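# Report on the structure
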Amino acid sequence: MGIAVGLGIIFAFIIPNRPTNIRWLTPQERDQLNYRLEVDRSSKDGTDEVSVGRAFIMAVTDVKTWLLCGCLQMNYVSTPSRLGHVTAPDIQIAASVTNFFPIVVAGLNFDRTTTLAITAPPYLLCVVAITVNGWHSDKKQERTLHIICPFLVTIIANVIAISTTKIAPRYLAMCLLPGSFYSASIVILTWISTSMTGPHVKRAIVYALINSLCNTPNIWTSYLYRNAAPRFLLAFAVDLAAAVGLVMFAGATWWYLRRQNRRIEAGIDLGSSGPTKLQIENGFRYQL
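Residues numbered from 1 in each chain as written. Predicted model: local features only at pLDDT ≥ 70, side-chain atom pairs only at ≥ 80, totals over all residues. Heavy atoms only, no water.

### Re the overall build of the protein
In plain terms, the rule: Strands here mean DSSP runs of E at least two residues long; helices mean DSSP runs of H or I at least four residues long; both are numbered from the N terminus. Residue exposure (1.4 Å probe, protein chains only): buried if accessible area is under 20% of the type maximum, exposed if over 50%, otherwise partly exposed. Two residues qualify as a contact provided that any one of their heavy atoms is within 4.5 Å of a heavy atom in the partner residue. Using a 1.4 Å probe, the Shrake-Rupley method yields the accessible areas, and only the shown protein chains count as cover for residues.
Summing up its helical and strand segments, the protein has twelve helices and zero strands in all. Along its sequence from the N terminus, the protein presents helices and strands in the succession α-α-α-α-α-α-α-α-α-α-α-α. In the protein, buried positions account for 43% of the 288 residues. Across the protein, every contact between residues at least 6 apart in sequence was considered, and the portion connecting residues at least 24 apart equals 73%. Here the protein displays about 15,300 Å² of accessible surface, and carbon together with sulfur accounts for 65% of that area.

Have a look at this one:
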């Protein structure tokens, strides 16, 4: 944690906050990058459009902020912390399955070599799932189904994990879970970036707000696994409820954005939370 904070302070003075500030690119490369971003947003960014205080108010009063925050929050809550049980005394898993996967798999009681070997397949499947789901979502410019469908797999895997402690079905759940919730995560993050309209200061605040709030499950979810081996009914029940909650949040976000698109097509002004006139003239619509 200390290293991460220290590096964060250093990188704050190194990482550019906009394309025009990237020192190691030529002027032509900076202009090209800036142009690509403007085309993607259907708008040229203004750097002095509003004050930080006004941008913060715009961020917290935008319904999209909380709908998309809910999606990502449920995604992170539903990430299971533990799928097996560790036989070594006094070991408690206090983080996500992705951080302690070898120890989690060790709970299936294989020898060390076998444990290390069977740790890899779930991540290989995860790479394939992330690549295919992310590519297809961008190709179709569709987000909702590319979030809900993977999470239906997450729900099934959680049901398997909560229903039995047998090795085969629990390992199957381990194989299904990383690919399902990670492939949905990248689409949610993309949905956030493409749905947030307004000044760049507002969008930056939204990203920071959502990131900070959605990482809070790391604080409290680990306590759900204490003294509950080997079933961890409470923990998996919370994971399952969060997965269902994500499906509901994604559906609500889809409904809201579709309603906003219809209002745009009807020529209704969406106010400060909506796209600019220039974006609308260039054909901007919220991705569903």
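Structure shown, so let's carry the discussion forward.
### So, the nonpolar core
Defined as follows: For the purposes of this section, nonpolar cores are sets of buried Ala, Val, Leu, Ile, Met, Phe, Trp, Tyr and Cys residues that join through side-chain atoms within 4.5 Å.
Core analysis: the biggest nonpolar cluster contains 42 residues, and Ile147, Ile188, Ile192 and Ile210 have the highest contact counts within it. Within the residue set of this core, elements represented by two or more residues are α3 (52-60), α4 (63-77), α7 (144-163), α8 (167-195), α9 (200-214) and α11 (233-265). Setting aside residues no more than four positions away along its own chain, Ile188 makes contact with Cys71, Leu72, Asn75, Ile147 and Leu246.

### Focus: the packing of aromatic side chains
Worth spelling out the cut-off: Ring pairs are drawn from Phe, Tyr and Trp, using the six-membered ring of Trp, whenever the two centres fall within 6.5 Å, and their geometry is named by plane angle: stacked under 30 degrees, edge-to-face over 60, tilted for the rest.
Overall, the coordinates contain two aromatic pairs when judged by the stated rule. Consider the rings of Phe284 and Tyr286, whose centres lie 5.1 Å apart with planes at 80°: the pair is edge-to-face. Neither Phe284 nor Tyr286 differs from the other in exposure class; each is buried.

### Some thoughts on the confidence of the model for the protein
Keep this limit in mind: Confidence per residue, as judged by the predictor, is encoded in pLDDT with a range of 0 to 100.
Predicted confidence across the protein gives a mean pLDDT of 78, with 79% of residues reaching 70 or more. Within the model, pLDDT remains below 50 along residues 81-100, and this stretch shows 55 contacts once partners closer than five positions in the same chain are excluded.

### Points about the pattern of salt bridges
Where charged atoms of side chains with opposite charge meet at close range, the side chains can pair. This is how the line gets drawn: Here a salt bridge means any side-chain nitrogen of Lys or Arg lying within 4 Å of a carboxyl oxygen belonging to Asp or Glu.
Counted by the stated rule, this structure contains four salt bridges. The partner of Arg143 in a salt bridge is Asp138, and the shortest N-O contact between them spans 3.0 Å. Of the residues examined, Arg143 reaches a relative accessible area of 2% and is grouped as buried. Its relative accessible area of 40% is what places Asp138 among the partly exposed residues. In this structure, Glu265 and Arg285 form a salt bridge, with 3.7 Å as the shortest nitrogen-oxygen distance. On the criterion of sequence distance, the pair formed by Glu265 in helix α11 and Arg285 in the segment after α12 (277-281) is long-range, its members being 20 residues apart.

### Notes on α9
To keep things clear, this is the line we draw: Multiply 1.5 Å by the residue count of a helix minus one, and that product is the helix's expected span.
End to end, α9 covers 21 Å across 15 residues, agreeing with the expected 21 Å (1.5 Å per residue, within 8%). Of the positions making up α9, those classed as buried are His200, Val201, Lys202, Arg203, Ile205, Val206, Leu209, Ile210 and Cys214.

### A word on unusual backbone geometry
Although it is not a glycine, Gln141 sits at a positive phi angle of roughly 55°. The topology assignment puts Gln141 in the loop between α6 (112-140) and α7.

### Remarks on the environment of Leu246
Summarising the element assignment, Leu246 is placed in helix α11. Leu246 sits 171 residues away from Asn75 along the chain, and the two C-alpha atoms are 6.3 Å apart. Here Leu246 is in contact with Cys71, Met74, Asn75, Ile147, Phe151 and Ile188, once residues within four sequence places are set aside.

### Focus on the state of the cysteines
For the record, the criterion: Two cysteine sulfurs form a disulfide in these notes if their separation is within 2.5 Å.
The final tally for this structure, using the stated rule, is zero disulfides. This cysteine, Cys69, is not joined by any disulfide, and Cys214 carries the nearest cysteine sulfur, 3.8 Å off. Look at Cys69 and you get buried, because its relative accessible area is 8%. No disulfide involves Cys71; its sulfur sits 9.2 Å from the nearest other cysteine sulfur, which is in Cys214. Residue Cys71 is classed as buried on the basis of its relative accessible area, which comes to 0%.

### Some thoughts on the environment of Thr144
With respect to the helices and strands, the residue Thr144 is situated in helix α7. Beyond its immediate chain neighbours, meaning those up to four positions away, Thr144 contacts Trp191, Ala250, Trp254 and Leu288.

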